[in-house]
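# Per-entry structural report
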Amino acid sequence: MDQKQIDEIAAAWASRKFGLVNEMKLKLEHVSANGVQIRMPFNPEFCADVEQTLLHGGILTALLDSAFGLVNFCAIPGLLTMATLDLRVDYLRPARSRADVIVLAKCYRETRHIAFDSGTVWFDGDETTEIARGAAAFALTRGDGAMFQSPL
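These lines cover the structure that appears in this document, whether it is placed above or below. Per chain, the residues get numbers from 1 upward, laid out in the order the sequence is written. Only residues with pLDDT of at least 70 are given local features in this predicted model, and only at 80 or more are side-chain atom pairs given and counted; all residues enter the totals for whole chains, interfaces and linings. Heavy atoms from the whole structure form the basis of all side-chain values; hydrogens and water molecules are not counted.

For R93, the position within the fold is in the loop between strand 3 (79-91) and strand 4 (101-110). Any residue under 20% of the maximum accessible area for its type is buried, any over 50% is exposed, and the rest in between are partly exposed; the area is computed with a 1.4 Å probe on protein chains only. Since its relative accessible area comes to 25%, R93 is described here as partly exposed. For the pair R93 and G143, spaced 50 residues apart in sequence, the C-alpha to C-alpha distance is 41 Å. Not counting residues within four places of it along the chain, the set of residues in contact with R93 comprises F123, D126, T129, E130 and I131. We count a stretch as a helix when DSSP gives it H or I for four or more residues in a row; a strand needs E for two or more, and each element gets its number in order from the N terminus. By definition in these notes, contact holds between two residues if any of their heavy atoms fall within 4.5 Å.

Structure representation (structure tokens):
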């Protein structure tokens, strides 16, 4: 898959936001077959404390799952659909800040039917201190045309 196809997939993915993903206002910063980097602007409604500085863990999990989905579409030619089989998130420290959140996700292995992903999450401006780390496995359905190649 060339970068033009990957950019088309990323544009289609970004335009199909709905529900929580739409509320997250995700911004693609880097997209390639080797990985994706996505920014989530700070949103006080995603906080679990009165001071509105502690992000709820479920938001970080949803962010990782969304990034894994995109990286799979970019890294695996002919991918039609996928389903999350396993998703593990290690929360490495309290997600306490008012900065944007950045996630970097990679598909590090694929078999005919399974994709394996890993990702890291940190606050903008503090790239050396991870907030969380995730790993996932996805069941894959392949076909002649990819999901994002048809008009939306």
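Between Lys or Arg on one side and Asp or Glu on the other, a salt bridge is scored when a side-chain nitrogen of the former is within 4 Å of a carboxyl oxygen of the latter. All chains considered together, the criterion is met by 9 salt bridges. The closest approach of N and O atoms between K4 and E8, which form a salt bridge, is 3.5 Å. With K4 and E8 both in helix 1 (residues 3-15), this residue pair falls 4 residues apart, about one helical turn. Overall, the relative accessible area of 58% leaves K4 in the exposed class.

As a further point, take helix 1. Multiplying 1.5 Å by the helix residue count minus one yields the expected span of that helix. Between its first and last C-alpha, helix 1 extends 18 Å over 13 residues, near the 18 Å set by a 1.5 Å rise per residue. When we look at burial in helix 1, the residues that qualify are I6, I9, A10, A12 and W13. Axial view of helix 1: buried residues confined to an arc of 165°, hence all on one face. Pointing more than 90 degrees away from the buried face of helix 1 are the exposed residues K4 and S15. For helix 1, the N-terminal capping position is held by D2, with its side-chain oxygen 3.2 Å away from the main-chain nitrogen of K4. Working definition: the arc comes from the directions between the helix axis and the C-beta atoms, pointing outward to the latter. We define a polar contact as two N or O atoms separated by no more than 3.5 Å, with the added condition that, inside protein, one atom must be a possible hydrogen donor and the other a possible acceptor, whereas residues neighbouring each other in sequence contribute only through side-chain atom pairs.

This brings us to the packing of helix 1 against helix 3 (residues 57-75). Running from N to C, helix 1 and helix 3 point in directions that differ by 150°, and their axes come no closer than 9 Å. Of the two elements, helix 1 crosses helix 3, and the hand of that crossing is right-handed. Contacts between helix 1 and helix 3 involve I6, I9, A10 and W13 from the first element and S66, L70, F73 and C74 from the second. Polar here means any residue outside two lists: the nonpolar Ala, Val, Leu, Ile, Met, Phe, Trp, Tyr, Cys and Pro, and the charged Asp, Glu, Lys and Arg; Gly therefore counts as polar. A breakdown of the residues in the contact of helix 1 with helix 3 according to their chemical character gives 7 nonpolar, 1 polar and no charged. Helix axes are fitted only over the stretch in contact, all axes being lines through C-alpha atoms; the angle between N-to-C directions runs from 0 to 180 degrees. Should the near helix be turned anticlockwise from the far one by less than a right angle, the crossing is left-handed, and should it be turned clockwise, the crossing is right-handed.

So, about the state of the cysteines. To count as a disulfide, a pair of cysteine sulfur atoms needs to be within 2.5 Å. Counting across every chain of the model gives 0 disulfides. With no disulfide of its own, C74 lies closest to C107 among cysteine sulfurs, the gap being 10 Å. Taking the relative accessible area as the measure of exposure, C107 reaches 17% and is therefore buried.

The subject of this paragraph is the sheet that holds strand 3. Any two strands with at least two DSSP bridges between them are considered paired. Pairing in this open sheet of 6 strands is antiparallel, and the strands run 1-2-4-5-6-3 from one edge to the other. Strands with a single pairing partner mark the edges of an open sheet, and in this sheet they are strand 1 (27-32) and strand 3. Strand-to-strand twist of the sheet, defined as the mean angle between neighbouring strand axes without regard to direction, takes the value 20°. Here 9 bridges tie strand 5 (residues 114-123) to strand 6 (residues 130-142), and the two strands are oriented antiparallel to one another. Its bridge partner lying in strand 6, A115 is registered against F138. With respect to the sheet, helix 1 is in contact with strand 1 and strand 2 (35-40), its orientation differing from that of strand 1 by roughly 150°. Sitting on the sheet, helix 3 touches strand 1, strand 2, strand 3, strand 4, strand 5 and strand 6, and the angle it makes with strand 3 is about 140°.

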